[in-house]
Amino acid sequence: MKIETKAVHVGDRKKGDPCTPSTTPIFLATSFFYDEMETLDAVFADPSQGFAYARYSNPTNAALEELCASLENGAGALACSSGMAGLHIALHTALLDRRKSIVAANALYGASTNMLVKMMEPFGVETTFVDICDTEAVRKAIEQNKPGCVLMETVSNPLLRVGEL
């Protein structure tokens, strides 16, 4: 399937539905009910069986995740309610089985810097800030700290700094 076709159709075509919408529907429900309590219990035990509560997932989020995974040829995707939630999950995931150390750009979105210093450091995650536009400084920081991950913004907010990837 061409990427253009994927971008338009992946995530909105569900087999078994009595009809196919021309666009992906937006589900505003916060909770979902089932005729049998056993079915709801099964959904809570295995979310792939359906939807129970919108904070866990809903058909709109599932369609977006399926679309993003397809466009990136990935195994899966996770849609978050904010960029900070996404960054928090990404950092915890990246450091799950690695050294609890981050080399980060010294020009990041302020809330990102606060998260690193005020939330991650108290849990034992060391952060070293470096000028991401100074390739030699980045190389030295990585060599010295052997971080579990490197964090930078491809265009920093608000200073518009761009480090070499």
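Residues numbered from 1 in each chain as written. Predicted model: local features only at pLDDT ≥ 70, side-chain atom pairs only at ≥ 80, totals over all residues. Heavy atoms only, no water.

**Points about the sheet that holds strand S1 (residues 101-105)**
Item 1. Taken in spatial order, the 3 strands make up an open sheet running S2-S1-S3, and their pairing is parallel. What marks the edges here is a single partner per strand, and that holds for strand S2 (126-130) and strand S3 (149-151). Taken over all neighbouring pairs, the strand axes of this sheet differ in orientation by 25° on average, direction set aside.
Item 2. Relative to S3, S1 is paired through 3 bridges, and the arrangement is parallel. Bridge pairing in S3 places Ile 102 opposite Cys 149.
Item 3. Sheet strands in contact with helix H5 (residues 110-120) are S1, S2 and S3, and its direction is about 155° off that of S2. (Pairing = 2+ DSSP bridges. Helix = DSSP H or I, 4+ residues; strand = E, 2+ residues; numbered from the N terminus. Axes fitted to C-alpha atoms, helices over the stretch in contact; angles between N-to-C directions. Contact = heavy atoms within 4.5 Å.)

**Examining the nonpolar core**
Item 1. Ranked by size, the top nonpolar core spans 20 residues in total, and within it Leu 91, Ile 102, Leu 116, Met 120 and Leu 151 carry the most contacts.
Item 2. Elements with a minimum of two residues in this core: helix H4 (83-95), S1, H5, helix H6 (135-145) and S3.
Item 3. Non-local contacts of Ile 102, meaning those with residues more than four positions away in its chain, are made with Leu 91, Leu 95, Leu 116, Met 120, Val 125, Glu 126, Thr 127, Thr 128, Pro 147, Cys 149 and Leu 151. (Core = buried A, V, L, I, M, F, W, Y, C linked by side-chain atoms within 4.5 Å. Buried < 20%, exposed > 50% of the residue type's maximum accessible area, 1.4 Å probe, protein only.)

**Focus: the confidence of the model for the protein**
Item 1. Across the protein, pLDDT averages 90, with 96% of residues at or above 70.
Item 2. Taken element by element, the predicted model of the protein shows its lowest mean pLDDT in helix H1 (residues 3-9) (80) and its highest in S2 (98). (pLDDT = per-residue confidence, 0-100.)

**Some remarks on the layout of surface pockets**
Item 1. Taken as a whole, the second largest pocket spans an internal volume of roughly 200 Å³.
Item 2. Taken together, Ala 54, Arg 55, Tyr 56, Ser 57, Asn 61, Glu 65, Leu 78, Ala 79, Cys 80 and Ser 81 form the lining of the second largest pocket.
Item 3. Across the lining of the second largest pocket, the residue classes break down as 5 nonpolar, 3 polar and 2 charged. (1 Å grid on protein atoms, 1.4 Å probe; cavity = no way out; pocket = protein on both sides within 12 Å on 5 of 7 lines; lining within 4 Å. Points joined across faces, edges and corners; volume = space filled by probe spheres on them. Nonpolar A, V, L, I, M, F, W, Y, C, P; charged D, E, K, R; others polar.)

**Overview of the packing of aromatic side chains**
Within a pair of aromatic rings, the relevant descriptors are the distance that separates the centres and the angle that separates the planes.
Item 1. Scanning all chains against the criterion turns up 3 aromatic pairs.
Item 2. Ring geometry for Phe 32 against Phe 51: centres 5.9 Å apart, planes inclined by 45°, an arrangement best described as tilted. Note that Phe 32 is positioned in the loop between H1 and helix H2 (37-45) and Phe 51 in the loop between H2 and helix H3 (59-71), a separation of 19 residues in sequence.
Item 3. Between the aromatic rings of Tyr 53 and Tyr 56, the centroid separation amounts to 5.5 Å while the plane-to-plane angle is 75°, which identifies the pairing as edge-to-face.
Item 4. Looking at Tyr 53, the relative accessible area reads 31%, which means it is partly exposed.
Item 5. These aromatic residues form a ring-pair network of at least three members: Phe 44, Tyr 53 and Tyr 56. (Phe/Tyr/Trp six-rings, centres within 6.5 Å; stacked < 30°, edge-to-face > 60°.)

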